[in-house]
Amino acid sequence: MTNSSISRGLVAVCCLLLALPAMAADVPSNEDQIAAAVLAGPEGRRAGAAVIGWTADGKPVNLRDGSNELVCLSDNPTDDQFSVACYHKDLEPYMTRGRELSLEGVKGPARRDQRFAEVEAGKVAMPKEPRTLYVLHGSGYNAESGEVDGAYLRWVVYTPYATPESTGLSIAPAESAPWLMDPGTPGAHIMINPPRPE
């Protein structure tokens, strides 16, 4: 091995070591993660909701046990958007599997299709009755005011295997009107998107 090869190797290692701190996300305190996460849920259900947060390396962690039917998910600090969610605890196996697949690098349609296949194979439990997911987006969370900047809340009602015929809903995306996404699949759900604030 030549001196130049060794030098290039040392430079590469040094660059990697310098980059490692930047790869770890700046994670809010557990209290701030909990406070932001529950804002997605109905006000009367927030105090009893279980909360899942994130570590600096982007792995989910249980922050609080719940006493009601809601599970809330804090904003993932490793991506560039603010998004928190609350959903019925019966959806937890499905949601957990989605997080696992994301950590494995399986995303988008591939992640959706794999989860559907695993539900149909009996590997992932999915409720037969409708279950609600609340999703709150924004430009960020202001810990001092306890509010989400530019807050936009939408609703998703999972109705496994629902179709336009069984629900009377359109499958065409609509604003201010419910519509059915992924009809006829284990992950069929009714989307309710109110108008975005100006």
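Keep in mind that what you see is a predicted model, and the values were worked out from it rather than measured. Residue positions are counted from 1 within each chain, in the order its sequence is given. Local features in a predicted model are, by the rule used here, given only for residues with pLDDT of at least 70; side-chain atom pairs are given and counted only at 80 or more, and totals for whole chains, interfaces and linings are based on all residues. Heavy atoms throughout the structure, all of them, feed into the side-chain values; hydrogens and water do not.

1. Topic: the layout of surface pockets
We count it as follows: With a 1 Å grid spanning the protein atoms alone, the term cavity applies to any set of points in which a 1.4 Å probe fits but cannot get out, the term pocket to an open set with protein on both sides within 12 Å along at least five of seven lines, and the term lining residue to any residue with an atom within 4 Å of a point. Grid points are joined across faces, edges and corners, and a volume is the space filled by probe spheres set on the points. Starting at the N terminus, helices and strands are each numbered in turn, a helix being any DSSP run of H or I of at least four residues and a strand any DSSP run of E of at least two. Think of it as three bins: nonpolar holds Ala, Val, Leu, Ile, Met, Phe, Trp, Tyr, Cys and Pro, charged holds Asp, Glu, Lys and Arg, and polar takes everything else, Gly as well.
Computed from the structure, the largest pocket encloses a volume of approximately 1,200 Å³. If you go around the largest pocket, you meet 38 residues; those closest to its centre are Leu73, Met95, Ser102, Arg111 and Arg115. The biggest single contributor to the lining of the largest pocket is helix 3 (residues 92-103), with 6 residues. Of the residues in the lining of the largest pocket, the class split is 16 nonpolar, 12 polar and 10 charged. By volume, the second largest pocket is sized at about 270 Å³. Looking at the lining of the second largest pocket residue by residue, the class counts come to 6 nonpolar, 4 polar and 4 charged.

2. As for the confidence of the model for the chain
To keep things clear, this is the line we draw: The predictor reports its confidence for every residue as pLDDT, a score running from 0 up to 100. Contacts were defined at the residue level, with two residues in contact if any of their heavy atoms lie within 4.5 Å.
Here the chain averages 88 in pLDDT, and 87% of its residues register 70 or above. In this model, residues 3-23 is a region of pLDDT below 50 whose contacts with residues beyond four sequence positions or in other chains number 1 contact.

3. As for helix 3
Spelled out, the test is: In this analysis, the expected span of each helix is defined as 1.5 Å times one less than the number of residues it contains. For every residue, the accessible area obtained with a 1.4 Å probe (protein chains only) is divided by the maximum for its type, and the residue is called buried under 20%, exposed over 50%, and partly exposed between those limits.
Look at helix 3: 16 Å from first C-alpha to last across 12 residues, which is about the 16 Å you get at 1.5 Å a residue. Inspection of helix 3 places Glu92, Tyr94, Met95, Arg97, Gly98, Arg99 and Leu101 among the buried residues, and these make up the whole buried set.

4. Points about the nonpolar core
Applicable threshold: Residues belong to one nonpolar core when they are buried, are Ala, Val, Leu, Ile, Met, Phe, Trp, Tyr or Cys, and are joined through side-chain atoms within 4.5 Å.
By size, the foremost hydrophobic cluster in this structure holds 20 residues, and its most contacted members are Tyr87, Leu91, Tyr94, Met95, Met126, Leu133 and Tyr158. For this core, the secondary-structure elements that each account for two or more residues are strand 1 (50-54), strand 3 (70-73), strand 4 (82-88), helix 3, helix 4 (108-120), strand 5 (131-138) and strand 8 (152-158). The element best represented in this core is strand 1, accounting for 3 residues. Within the second largest apolar cluster, 16 residues are counted, among which are Ile34, Ala40, Ala49 and Leu63.

5. Let's talk about the side chain of Ser74
If you trace the backbone, Ser74 turns up in the loop between strand 3 and strand 4. Looking at Ser74, the relative accessible area reads 4%, which means it is buried.

6. Thoughts on the pattern of salt bridges
The line we're drawing: We count a salt bridge whenever a side-chain nitrogen from Lys or Arg sits within 4 Å of a carboxyl oxygen from Asp or Glu.
One pass over the full model with this rule turns up 9 salt bridges. Close ionic contact of Asp90 with Arg131 constitutes a salt bridge, the shortest N to O distance being 2.9 Å. With Asp90 in the loop between strand 4 and helix 3 and Arg131 in strand 5, the pair connects residues that are 41 residues apart, well separated along the chain. For Asp90, a relative accessible area of 30% corresponds to the partly exposed category. Residue classification places Arg131 among the buried positions, given a relative accessible area of 17%.

7. Here we look at the sheet that holds strand 1
Rules: Any two strands are treated as partners once DSSP identifies two or more bridges connecting them. Angles run from 0 to 180 degrees between N-to-C directions of axes, and those axes are lines fitted to C-alpha atoms, restricted for helices to the stretch in contact.
One open sheet accounts for 8 strands, arranged 2-1-3-4-5-8-10-9; its pairing is mixed. Strand pairing shows two members of the sheet lacking a second neighbour, strand 2 (60-64) and strand 9 (179-181), which therefore form its edges. If you compare each strand with its neighbour and ignore which way they point, the axes differ by 25° on average. Sheet topology note: the strand 8/strand 10 (residues 189-192) ladder contains 4 bridges and is antiparallel. Pairing of Trp155 across the sheet is with Ile192, part of strand 10. Where helix 3 meets the sheet, its contacts fall on strand 1, strand 2, strand 3, strand 4, strand 5 and strand 8, and the angle it forms with strand 4 comes to roughly 145°.

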